[in-house]
Amino acid sequence: SANMLNDVGKRYIKNYIKNKILTVFSVFSYFFSKKESPEKRILGIWDIEKSNLALGVLIQFLTRLLCQAELKNIKKIDIAFVYDSEKPVTDPKFSSYINASNLHYHLAEIIPILNTTPKLGSVLFFDSHSNFEYFLAENSARYHIEPRFSEYAKGVTAIEWSFAVIRDFYLKKKFVPQLEFKQTTIKWAKAFIKKYAGDKSIISINLRFNSQFTPDRNADLEAWSKLFKHSNDKYPDIIFVILGRKGELGDRFKNFPNIIFSKDFNTNVEQDLALIHCALFHMGTTSGLASLAYFENIPCVLTNFRVRDEISNLWLKPESIFPWHNKELKRLIRDKESGDLLVKEFENLLEKVDKTEWQKRLNLEEIDSGILEWPYI
């Protein structure tokens, strides 16, 4: 009816005017009210051209950022990955296999590490240094920058100073901030151990065998074979899980019944790190994933140990350890491994670790192996 249409029209006009008034009021409030400045954050700069995409160095850098956040009482950490879209890396030993066409694959490999970073805020990607520097000019008041902008401009990388910063933090605070795993990731790692090790003890292994560069850092596979055979003969209740790229090792260890490869189960780097975290102890060459063992309370034996930060080499003398390390449960060995050395260190650590406490911590009876299937709970 005409009266009904008239009432509808009046309600429409009334609501239209009301909404317009609210909109004007909102805009007025936004521009004229006192807006609080955003809380300051740490901004970690990872210049890919200078720092490349090394897993271990990124773990060290994240720990360094956590130290700075603690010192400055900052609640959030942002990470900025900066690179040139046409030529992301310039160092010949990396540019031989990382280029503009495949950079995203290499980034995808390391990005899961960021899930272990407490206080993580935003992750930013800049496809040119000029774009990043424009962002920084607009937002510098919001950040404590690490490395400092003057260092970034000079080409100082995220590799440098990290150990020194962490060491100084520990000497002042008497602890090292830890990376933390999501509960779902820990449940996954425990379920993996329950399904593939059962009631056996699991020891994580990281063996470097990179054909691209610094072959002197590679594992002596014959020496490790001797360890695996020794353990298989003497300790049938121990399983070794070898982490990282299986292709680097070929078929070297395929006939050992006490070995499984994490990559047979399509693990990502976050899951491999969680296996180190949950293992009885860790052994391996000093590379990549092993960096987690430097900072966590993980019993470990690492051979071929060195630090790429030359500043740290001034105070980290041969046969010394980091000041936060338990001398009984951590062994950083600068020498190349031999079969006899590995067996000796393995036996020594096996005697000292508390297997009962480890089993209690895992509490595998409460874990459902079904969570290994997607979707994870």
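Quick look at the structure, then. As the structure is a computational prediction, the values presented were derived from the model and not from experiment.

**Focus: the overall build of the chain**
Assigned secondary structure in the chain consists of 15 helices and ten strands. Residues counted as buried form 49% of the 377 residues belonging to the chain. Long-range contacts, defined as pairs at least 24 residues apart, comprise 76% of the intrachain contacts of the chain with a sequence gap of at least 6.

**Structural notes on the side chain of asparagine 139**
Structurally, the position occupied by asparagine 139 is in helix H6 (residues 129-139). At a separation of 2.8 Å, a polar atom in the side chain of asparagine 139 contacts the main-chain carbonyl oxygen of phenylalanine 135.

**Points about the sheet that holds strand E10 (residues 330-332)**
Pairing is parallel in the open sheet, where six strands are placed in the order E7-E6-E5-E8-E9-E10. Edge positions in the sheet fall to strand E7 (259-261) and E10, since each of these pairs with one other strand and no more. The mean angle between the axes of side-by-side strands here comes to 15 degrees, regardless of whether they run parallel or antiparallel. Judged from the four bridges that link them, strand E8 (residues 281-285) and strand E9 (residues 300-303) form a sheet pairing that is parallel. Across the sheet, threonine 285 pairs through a bridge with threonine 303, a residue of E9. Packing of helix H14 (residues 339-352) onto the sheet brings it into contact with strand E5 (201-206), strand E6 (238-243), E8, E9 and E10, and relative to E8 it is tilted by some 165 degrees.

**Observations regarding the sheet that holds strand E1 (residues 41-47)**
Strand-to-strand pairing in sheets goes through backbone hydrogen bonds, with the strands running parallel or antiparallel. Across the sheet, four strands lie side by side as E3-E2-E1-E4; this open sheet has parallel pairing. At either end of the open sheet lies a strand with only one pairing partner, and these are strand E3 (120-126) and strand E4 (143-146). Here the strands of the sheet are splayed against their neighbours by 20 degrees on average, with no regard to which way each runs. Relative to E3, strand E2 (residues 77-82) is paired through five bridges, and the arrangement is parallel. Across the sheet, the residue bridging to alanine 80 is leucine 124, located in E3.

**Describing empty space enclosed by the protein**
Summed over the entire model, instances satisfying the criterion amount to one cavity of 30 Å³ or more. Counted as a void, the largest cavity has a volume near 50 Å³. Taken together, Ile45, Asp47, Lys50, Ser51, Pro147, Tyr152, Val156, Thr157 and Ala158 make up the full set of residues lining the largest cavity. For the lining of the largest cavity, the elements supplying multiple residues, two or more each, are E1 and helix H2 (48-51). Looking at the lining of the largest cavity residue by residue, the class counts come to five nonpolar, two polar and two charged.

**Considerations on helix H3 (residues 55-72)**
Across its 18 residues, H3 extends 26 Å between first and last C-alpha, which sits within 8% of the 26 Å expected from 1.5 Å per residue. Counting buried positions along H3 gives 15 out of 18 residues, so the element sits mostly inside the fold. Trailing H3 by a residue or two, asparagine 73 shows a phi angle of about 55 degrees, which is positive.

**Here's the deal with the pattern of salt bridges**
This model, assessed by the stated rule, comprises 13 salt bridges. For aspartate 168, the salt bridge identified is with arginine 167, shortest N-O distance 3.6 Å. Look at arginine 167 and you get partly exposed, because its relative accessible area is 26%. For the salt bridge of glutamate 222 with arginine 252, the shortest nitrogen-to-oxygen distance reads 2.7 Å. Within this pair, whereas glutamate 222 is found in helix H10 (residues 221-234), its partner arginine 252 is found in the loop between E6 and E7, the two being separated by 30 residues in sequence. Arginine 252 sits in the partly exposed class, given a relative accessible area of 39%.

**Comments concerning the layout of surface pockets**
Here the second largest pocket is characterised by a volume of approximately 390 Å³. Taken together, 20 residues form the lining of the second largest pocket, with Leu280, Asn297, Ile298, Pro299 and Arg361 sitting closest to its centre. Listing elements by their share of the lining of the second largest pocket, those giving two or more residues are helix H11 (269-278) and helix H15 (355-362). Considering every element that reaches the lining of the second largest pocket, the biggest residue donor is H15, with three residues.

**Observations concerning unusual backbone geometry**
Cis geometry is adopted by the peptide bond preceding proline 147, which originates at glutamate 146 and carries an omega value of -5 degrees. Mapped onto the secondary structure, proline 147 falls in the loop between E4 and helix H7 (149-154). Despite not being glycine, lysine 174 shows a phi value in the positive range, around 70 degrees. Positive phi outside glycine occurs at asparagine 266, with the angle close to 60 degrees. Using a relative accessible area of 68% as the deciding quantity, one classes asparagine 266 as exposed.

Each value, and the rule that gives it
- Residues numbered from 1 in each chain as written.
- Predicted model: local features only at pLDDT ≥ 70, side-chain atom pairs only at ≥ 80, totals over all residues.
- Heavy atoms only, no water.
- Helix = DSSP H or I, 4+ residues; strand = E, 2+ residues; numbered from the N terminus.
- Buried < 20%, exposed > 50% of the residue type's maximum accessible area, 1.4 Å probe, protein only.
- Contact = heavy atoms within 4.5 Å.
- Polar contact = N/O pair within 3.5 Å; in protein donor to acceptor, adjacent residues only side chain to side chain.
- Pairing = 2+ DSSP bridges.
- Axes fitted to C-alpha atoms, helices over the stretch in contact; angles between N-to-C directions.
- 1 Å grid on protein atoms, 1.4 Å probe; cavity = no way out; pocket = protein on both sides within 12 Å on 5 of 7 lines; lining within 4 Å.
- Points joined across faces, edges and corners; volume = space filled by probe spheres on them.
- Nonpolar A, V, L, I, M, F, W, Y, C, P; charged D, E, K, R; others polar.
- Expected span 1.5 Å × (residues − 1).
- Salt bridge = Lys/Arg side-chain N within 4 Å of Asp/Glu carboxyl O.

Remember that the coordinates give geometry; whether it matters functionally is a separate question.
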